[in-house]
Amino acid sequence: MAYWLFKSEPDVFSFDDLMKAKNRTTFWEGVRNYQARNFLRDQIKKSDGVLYYHSNAEPKAIIGTAKVVREGYPDPTQFDPKSDYYDEDAKRDEPRWYGVDIQADRAFKQVVTLEEIKQTGALAGMMLVKKGARLSVQPVTPEQWRHILSMGGLK
DNA sequence: GCCAACGTTGGC
DNA sequence: GCCAACGTTGGC
């Protein structure tokens, strides 16, 4: 059981959108970064916990949690010429990009903002607050997970 | 809207 | 294999 933080721009797909999705579940599509791809393909396992972070938003914050309900499989949008995520170099017998299915779990009672995270010494190690850490899928330690959930009003 | 930081591409 | 140029991310 491991923990992760997924970034999403709420204008594109918000936590609320996930809550409203069928079975509160969606395929996490469109990741086009190799390091993030490796996590999605190789390391993220069913029932792992996900912190759902809104980037490019006001407030920039972790909004709630989700859990992984299906492990990595090829992202179909890489093969779809109509998709924004189309990758003409991806081959069906050798997919380049992967995603997982996540299901919304719990909305925080109060959101945990980037500002608050920066001010919390115990969270200084989070990749999110490291300079230049743009990775949209990042690992979170169990200690960080517990701390964030507590700040969000969940035990 | 700006721009720093980072990742990728491609010429050499 | 180096690295300049370019594109993207995402906070501000």
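For the structure itself, consult the block above.
A.B. asks: So, the side chain of S14: which residues are in play, and what are the values?
C.D. replies: By secondary structure assignment, the location of S14 is in the loop between α1 (10-13) and α2 (15-20). Its relative accessible area of 10% is what places S14 among the buried residues. Residue contacts for S14: discarding those within four places in its chain leaves Y52 and H54.

A.B. asks: Summarise the protein's contact with DNA strand C; cite the residues concerned and give the values.
C.D. replies: Around DNA strand C, the neighbouring residues are K7, Y53, S55, N56, K60, L114, K118 and R134. In DNA strand C, atoms within 4 Å of the protein come from the sugar-phosphate backbone in 67% of cases. With respect to DNA strand C, the backbone of N56 contributes an N or O atom lying 3.2 Å from a phosphate oxygen. A distance of 2.6 Å separates a phosphate oxygen of DNA strand C from a polar atom in the backbone of R134. A class-by-class count of the residues in the surface near DNA strand C yields 2 nonpolar, 2 polar and 4 charged.

A.B. asks: Can you lay out the protein's contact with DNA strand B for me, pointing to particular residues and giving the numbers?
C.D. replies: Within the structure, DNA strand B sits among Y34, K131, G132 and R134. In DNA strand B, the atoms that sit within 4 Å of the protein are 67% sugar and phosphate, with bases accounting for the remainder. A distance of 3.2 Å separates a phosphate oxygen of DNA strand B from a polar atom in the backbone of K131. Here a base oxygen of DNA strand B and a side-chain polar atom of R134 are 2.7 Å apart.

Thresholds applied
- Residues numbered from 1 in each chain as written.
- Chains lettered and ligands numbered in written order.
- Predicted model: local features only at pLDDT ≥ 70, side-chain atom pairs only at ≥ 80, totals over all residues.
- Heavy atoms only, no water.
- Helix = DSSP H or I, 4+ residues; strand = E, 2+ residues; numbered from the N terminus.
- Buried < 20%, exposed > 50% of the residue type's maximum accessible area, 1.4 Å probe, protein only.
- Contact = heavy atoms within 4.5 Å.
- Near = heavy atom within 4 Å.
- Polar contact = N/O pair within 3.5 Å; in protein donor to acceptor, adjacent residues only side chain to side chain.
- Nonpolar A, V, L, I, M, F, W, Y, C, P; charged D, E, K, R; others polar.

Note that every value here comes from positions in space, so none of it alone points to a role or purpose.
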